[in-house]
Amino acid sequence: MTMPLGNNGNNFLRHNQQAWDAQAARNSPWSQPVDSATVAAARAGQWQIHLTPGPLPAGWLGEVRGKRILCLAGAGGQQAPVLAAAGAHVTVFDLSEQQLAQDRMVAERDGLQLATVQGDMRDLACFADASFDVIIHPVSNQYVPDIAPVWRECARVLADGGVLLSSFFNPAVFIGDRDPQWAQQGLIRPRFVLPYSDVEDMDADVLAARMEKGEALVFGHGLDSQIGGQLAAGFVLAGYHEEMHPHPRFEIEKFLPSFIATRAVRLARAL
């Protein structure tokens, strides 16, 4: 059964929570916990995490032992257990309780210490100012319509000089008409103007079908929001990375990188 989606309501949030709970139940790619061998290797100092399909750029994270790390909208039993095994004090914050359950399962299985908190990435009120040294925020902010609160909350809960590692989709991937007829002809037909919203821009029948199938609703944000929003919140950009999609879903992804990742440093607070 579909639910009505008001312009000003948060019904999309409930729908996306249910969609990700279902993905975890299906053991989708972003819901497959790491195995015990990966945890053991991390304990021995051999580990890596991902913001994009490829490895994290060299020098972006460094030594994590003893650091307070927030995995923001990054549950699923993949990043957090590795960081905990490497010696970090890890908290996982995510909308999906079933995604968080994957992290708890790995922690219990392999004797790891990590905390899990369920909530909306735009509201981190449960954390005090300067609670963390690092935030890991992999591709996920396309699931909320306004990301300015995400960046502001990240800046608030990070200590001065703290690091925000985030990734997101290239805004260009959201502008094209997704009717298969265009891809079959090798054509890209621009249709949508950024910022994009499934709720506002998708044809009603297509939106209803998507919701019936339990697919998460997405929102496409421009670089002014993705990068400019970080700068406005009190960050300075210290690293930038682009990456092609290994399995292009749309014609445009054959010609430009789908993934963008940034390393940002939280400026010192004014005295």
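Bear in mind that the values here come from a model prediction, so they are computed numbers and not experimental data.

Engineer: Is there a simple way to explain empty space enclosed by the protein in this structure?
Structural biologist: Over the atoms, a rolling probe the size of a water molecule traces out where space has been left empty. Inspection of every chain in the model, using the stated rule, returns one cavity of 30 Å³ or more. Space inside the largest cavity adds up to approximately 30 Å³. Lining the largest cavity are Asn141, Gln142, Phe168, Phe169, Phe174, Phe219, Gly220, His221 and Gln226. Those elements that place two or more of their residues in the lining of the largest cavity are strand E5 (158-169) and strand E7 (219-220). The residue makeup of the lining of the largest cavity, split by class, is four nonpolar, five polar and no charged.

Engineer: Please clarify how the side chain of glutamine 142 should be interpreted in this entry.
Structural biologist: Position of glutamine 142 among the secondary structure elements: in the loop between strand E4 (132-137) and helix H5 (148-157). Once residues within four sequence positions are removed from consideration, glutamine 142 is found in contact with Phe169, Phe174, Leu217, Val218, Phe219 and His221.

Engineer: Teacher, can you tell me more about H5 here?
Structural biologist: Every α-helical turn comprises 3.6 residues, leaving residues that sit three or four positions apart pointing alike. Burial analysis of H5 places seven of its ten residues in the buried class, the great majority of the element. Among the residues of H5, Pro149, Val150, Trp151, Glu153, Cys154, Ala155 and Val157 are the ones counted as buried.

Engineer: Help me out: how do you make sense of the packing of helix H1 (residues 11-25) against helix H4 (residues 97-110) in this one?
Structural biologist: For any two helices packed against each other, the geometry is given by the interaxial angle and the distance between the axes. Packing of H1 against H4 leaves a shortest axis separation of 7 Å and a crossing angle of 40°. With respect to their mutual orientation, H1 and H4 come out oblique. Residues Trp20, Asp21 and Ala24 of H1 pack against Glu97, Gln98, Gln99 and Gln102 of H4. The residue inventory of the contact of H1 with H4, partitioned by class, reads two nonpolar, three polar and two charged.

Engineer: Explain the packing of helix H2 (residues 36-43) against H4 here, please?
Structural biologist: The interhelical angle for the contact between H2 and H4, taken along N-to-C directions, is 70°, at an axis separation of 11 Å. With respect to each other, H2 and H4 are oriented roughly perpendicular. Crossing of H2 over H4 shows right-handed handedness. Listed contacts from H4 to Ser36, Val39 and Arg43 of H2 are Val106, Arg109 and Asp110. Its residues assigned to classes, the contact of H2 with H4 comprises two nonpolar, one polar and three charged.

Scoring rules and cut-offs
- Residues numbered from 1 in each chain as written.
- Predicted model: local features only at pLDDT ≥ 70, side-chain atom pairs only at ≥ 80, totals over all residues.
- Heavy atoms only, no water.
- 1 Å grid on protein atoms, 1.4 Å probe; cavity = no way out; pocket = protein on both sides within 12 Å on 5 of 7 lines; lining within 4 Å.
- Points joined across faces, edges and corners; volume = space filled by probe spheres on them.
- Helix = DSSP H or I, 4+ residues; strand = E, 2+ residues; numbered from the N terminus.
- Nonpolar A, V, L, I, M, F, W, Y, C, P; charged D, E, K, R; others polar.
- Contact = heavy atoms within 4.5 Å.
- Buried < 20%, exposed > 50% of the residue type's maximum accessible area, 1.4 Å probe, protein only.
- Axes fitted to C-alpha atoms, helices over the stretch in contact; angles between N-to-C directions.
- Parallel < 35°, antiparallel > 145°, perpendicular 65-115°, else oblique.
- Left-handed = near helix turned anticlockwise from the far one by under 90°.

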